[in-house]
Amino acid sequence: MEDENSGFVENFIHTQIREDLKAGRNEGRVHTRFPPEPNGYLHIGHAKSICLNFGLAKFFDGLCNLRFDDTNPSKEEAEYVDSIKEDLRWLGFDWGEREFFASDYFEQLYAYAVQLVKDGKAYVCDLTPEETRKYRGTLQEPGRNSPYRERSAAENLDLFERMRAGEFADGSRVLRAKIDMASGNMNMRDPIIYRILRAHHHRTGDIWCIYPMYDFAHGLSDAIEGITHSICTLEFQDHRPLYDWFIEQLPVPCRPRQIEFARLNISYTVMSKRKLLQLVNDGLVDGWDDPRLPTISGLRRRGYTADSIRNFCERIGVAKRNSMVDVALLEHAVREDLNLKAPRYMAVLKPLKVIIENYPEDQIEELDAVNNPGDPTMGSRKVPFAREIYVERDDFMEDAPKKFFRLTPGREVRLRYAYYIRCERVEKDANGEVTAIYCTYDPETRGGSAPDGRKVKATLHWVAAQTAVSAEVRLYDRLFSVADPAAEKDGQSFTSLLNPDSLNRLTDCKLEPALAQVSAGVSVQFERLGYFVLDNRESLMDKLVFNRTVTLRDTWAKVAGKRGGK
RNA sequence: AGGGGCGUCGUCAAGCGGUAAGACACAGGCUUUUGAUGCCUGCAUGCGUAGGUUCGAAUCCUGCCGCCCCUGCCA
């Protein structure tokens, strides 16, 4: 099944949900949830999960909750809750009133645990962490029963209540589910369901000193919220029997089903929260919203649109196979979106002065320029032209190869929306560096076309020197120099694989005056160069900083590259 | 005494017994006042591999091979 507009593609989860619906499970409802742990910023891997969960709910006419999985107060902070909500809203998702926290259910979860204790299905274990590990066995050998496994329900209840009351030291005891220490599935070897932990919780403060573990809290929170389909990533497949076990033992109001899919990996970047946190903490990048990071806030600052990210998530599909998506697909998604939306402007990043010798000394003309050749409704603007202008250094070559169409001595080119100019001679400094080029223009070609019908091979962007606005432009490239930096090789850290050229700051860029009026966060195209966005953090009243989102496709760069450099 | 998953184009990914969708990438061509965009064309006699079942197999069965995950009081 395919919907042309959204690029919607059916996946195996749709198939499974349809089967559940057909079988009449959960009264025919579909209710999903996005369950972030507030211990880091959202990244594009989360976006895949968000699009999946909200998308499924929408497709099946159901609901999707936002639930913060905040069962480990030692790692979680309110700051992260705020950033997650902001990113979610920016991506365009609405969870209505359904904003929940696993911590909302602590009392109910405790009651469920008490029930297990009373039923003889959970016990308090006094083994130390090291002993617990030894008793657990290995992948090849079964574990051994804890010596505390056969305590009476009454004793367990007393101990568990006293755990809650704060009578015991952190880590001195845990509550464990009594399942099977010989299971081939490690998760079923009497998993811990409550631990003693005196840490300040961002919502419940200090009223609890015991906290439920993920396996216990997650599935039961799903059940409490009436979730029908609990979508998670592949590494939780082994947890599913445990997820089901808790649901089966307790009198829960709903029987959710866990379905796993493969998490997103993108080439030339890292996606794990641990690695992202390390890059931020070690100062290797400029915070969680560094434009080179795959975080939602980083992509936003880089100039990626929410539409392009959602589109990307739709195109990559959902399956169970570990894979790595080519970053080129992400770049394609944003180019496709910005090609439609971004107004065009002219900006010269590496200026080279051009003096048009036969142009009147003090004249300034206002030339018409269209804002988007593909969309007449975006209108046009005036661009000032004068005797002295800047063109891109890369657009001039003294000894040009045949395929180089741009400016070179003796050749005529078009200045976009202005005139044809011919390069007559160049000026150099003592080192032989070209410092300026002298040209003549043809007054008959005003607007950019010749009455005699003669053609030129190239059209260059330019900015009049006198009215130019100065700015800093940051050129970003992939953060890592290898496609899969997370693949450990010879024990070297992934941080040694950072691309030293991932950021190139150009501080002497010249912009057409209209660019001084754009707002932060609004994407524009610098003609022939790429899509850019005014930085939302570093631009001040008298200082403009633009971030390059992505270059335009550049066939010439490819040709030049093949010839061995430009 | 191990358990759980996964192998379809360079990269993602449809396919669910009737003869290999689509996207990105790549390569050509047309259009073009952005070497952009747009448009057109090409790109798996083949689905990890070896057998088997069948009129017919990427789809079913069996055996191999390869890759990923699991021994936190993290999620």
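Residues numbered from 1 in each chain as written. Chains lettered and ligands numbered in written order. Predicted model: local features only at pLDDT ≥ 70, side-chain atom pairs only at ≥ 80, totals over all residues. Heavy atoms only, no water.

Asks: Is there a simple way to think about the overall build of chain A in this case?
Replies: When helices and strands are counted, chain A shows 13 helices and 27 strands. Whereas a compact globule of 566 residues would reach a radius of gyration of roughly 24 Å, chain A reaches 31 Å, over 25% beyond that. For the C-alpha atoms alone, the extent of chain A along its principal axes is close to 100 × 50 × 45 Å. Within the span of chain A, comprising 566 residues, buried residues form 53% of the whole. Relative to all contacts within chain A whose residues are 6 or more apart in sequence, the contacts with residues 24 or more apart total 71%. Here chain A has roughly 26,000 Å² of accessible surface; of this, 47% comes from carbon and sulfur atoms. Of the side-chain charges in chain A, 80 are positive and 88 negative, and the distance between the mean point of each set is 4 Å. (Helix = DSSP H or I, 4+ residues; strand = E, 2+ residues; numbered from the N terminus. Rg over C-alpha atoms; globule rule 2.2 N^0.38 Å. Buried < 20%, exposed > 50% of the residue type's maximum accessible area, 1.4 Å probe, protein only. Contact = heavy atoms within 4.5 Å. Areas by Shrake-Rupley, 256 points an atom, 1.4 Å probe, with all protein chains shown as cover. Lys, Arg positive; Asp, Glu negative; His and termini not counted. Charge placed at Lys NZ, Arg CZ, Asp CG, Glu CD.)

Asks: Just checking my understanding: could you explain the protein's contact with RNA strand B for this structure?
Replies: Taken together, 70 residues surround RNA strand B, and among them Q140, A182, R344, R406 and G447 come closest. Backbone polar atom of A182 to a base nitrogen of RNA strand B: 2.3 Å apart, as the coordinates give it. Contact distances for RNA strand B include 3.2 Å between a phosphate oxygen and a backbone N or O atom of V318. For the surface near RNA strand B, the secondary structure elements donating two or more residues are α5 (129–136), β8 (192–196), α11 (306–316), α12 (327–341) and α13 (555–562). (Near = heavy atom within 4 Å. Polar contact = N/O pair within 3.5 Å; in protein donor to acceptor, adjacent residues only side chain to side chain.)

Asks: Please clarify how the sheet that holds strand β12 (residues 344–345) should be interpreted in this entry.
Replies: Sheets are built from strands paired through backbone hydrogen bonds, the pairs being either parallel or antiparallel. In spatial order, the strands read β12-β25-β26-β27-β23-β24-β13; together these seven strands make up an open sheet with mixed pairing. Only two strands of the sheet have a single neighbouring strand rather than two, namely β12 and β13 (347–348). Across two bridges, β12 lies against strand β25 (residues 523–526) in parallel orientation. Following the sheet pairing, R344 is matched in β25 by Q525. (Pairing = 2+ DSSP bridges.)

Asks: When you look at the pairing of β25 in this model, what are you seeing that I'm missing?
Replies: Two faces belong to every sheet, and in a regular strand the side chains alternate between them. Burial of β25 is two-sided: the residues S523 and Q525 facing one way and the residues V524 and F526 facing the other way are all buried. Hairpin connection of β25 to strand β26 (residues 530–534): three residues between the antiparallel strands, including R528 at a positive phi of 70°.

Asks: Would you take a moment to explain unusual backbone geometry for this structure?
Replies: Note on backbone geometry: most residues besides glycine have negative phi, and most peptide bonds are trans. Positioned with a positive phi, E27 is a non-glycine residue whose angle comes to about 50°. The topology assignment puts E27 in the loop between α1 (12–22) and β3 (31–34). The class of E27 is exposed, set by a relative accessible area of 65%. Positive phi is not limited to glycine here, since Y417 has a value of about 65°. Position of Y417 relative to the elements: it lies in the loop between β18 (412–415) and β19 (420–428). For Y417, a relative accessible area of 14% translates into the label buried.

Asks: Where do I start with the nonpolar core in this structure?
Replies: Note that soluble globular proteins tend to have their nonpolar side chains buried in a common cluster. Counting 40 residues, the largest nonpolar core has F160, Y194 and F216 as the members making the most contacts within it. Elements supplying a minimum of two residues to this core: α4 (106–118), β6 (122–125), α6 (153–165), β7 (174–177), β8, β9 (210–212), α7 (214–225) and α8 (240–249). In terms of residues, this core owes the most to one element, α4, which gives eight residues. Non-local contacts of F216, meaning those with residues more than four positions away in its chain, are made with L109, Y112, A113, L116, I193, Y194 and F246. If you look at the next biggest cluster of nonpolar residues, it comprises 38 residues, including L88, F93, A342 and Y531. (Core = buried A, V, L, I, M, F, W, Y, C linked by side-chain atoms within 4.5 Å.)

Asks: Quick question: what am I supposed to make of the pairing of strand β11 (residues 257–261) here?
Replies: The buried count for β11 comes to four of five residues, which makes it a mostly enclosed element. Here five bridges tie strand β10 (residues 229–233) to β11, and the two strands are oriented parallel to one another. The partner of T233 across the bridge, within β11, is F261. In this fold, β10 hands off to α8, which returns the chain to β11; that crossover is right-handed. (Right-handed = clockwise from strand over helix to strand, strands pointing away.)

Asks: Would you mind showing me how to read helix α2 (residues 44–59) here?
Replies: Since one α-helical turn is 3.6 residues long, residues separated by three or four positions face the same way. In this model α2 runs 21 Å from its N-terminal to its C-terminal C-alpha over 16 residues, within 8% of the 22 Å that 1.5 Å per residue would give. Of all 16 residues in α2, 13 are buried, a share of seventy percent or more. Phi turns positive one or two residues past the end of α2, at D61, with a value near 60°. (Expected span 1.5 Å × (residues − 1).)

Asks: Before we go on, may I ask you to explain the packing of α2 against α11 in this structure?
Replies: Each pair of packed helices gets described by two things: the angle between the helix axes and the distance between those axes. Where α2 meets α11, the axes come as close as 9 Å, and the angle between the chain directions of the two elements is 75°. If you check the angle between α2 and α11, you find them roughly perpendicular. Facing I44, A47, K48 and C51 of α2, the residues of α11 in contact are I309, R310, F312, C313 and I316. Grouping the constituent residues of the contact of α2 with α11 by class yields seven nonpolar, no polar and two charged. (Axes fitted to C-alpha atoms, helices over the stretch in contact; angles between N-to-C directions. Parallel < 35°, antiparallel > 145°, perpendicular 65-115°, else oblique. Nonpolar A, V, L, I, M, F, W, Y, C, P; charged D, E, K, R; others polar.)

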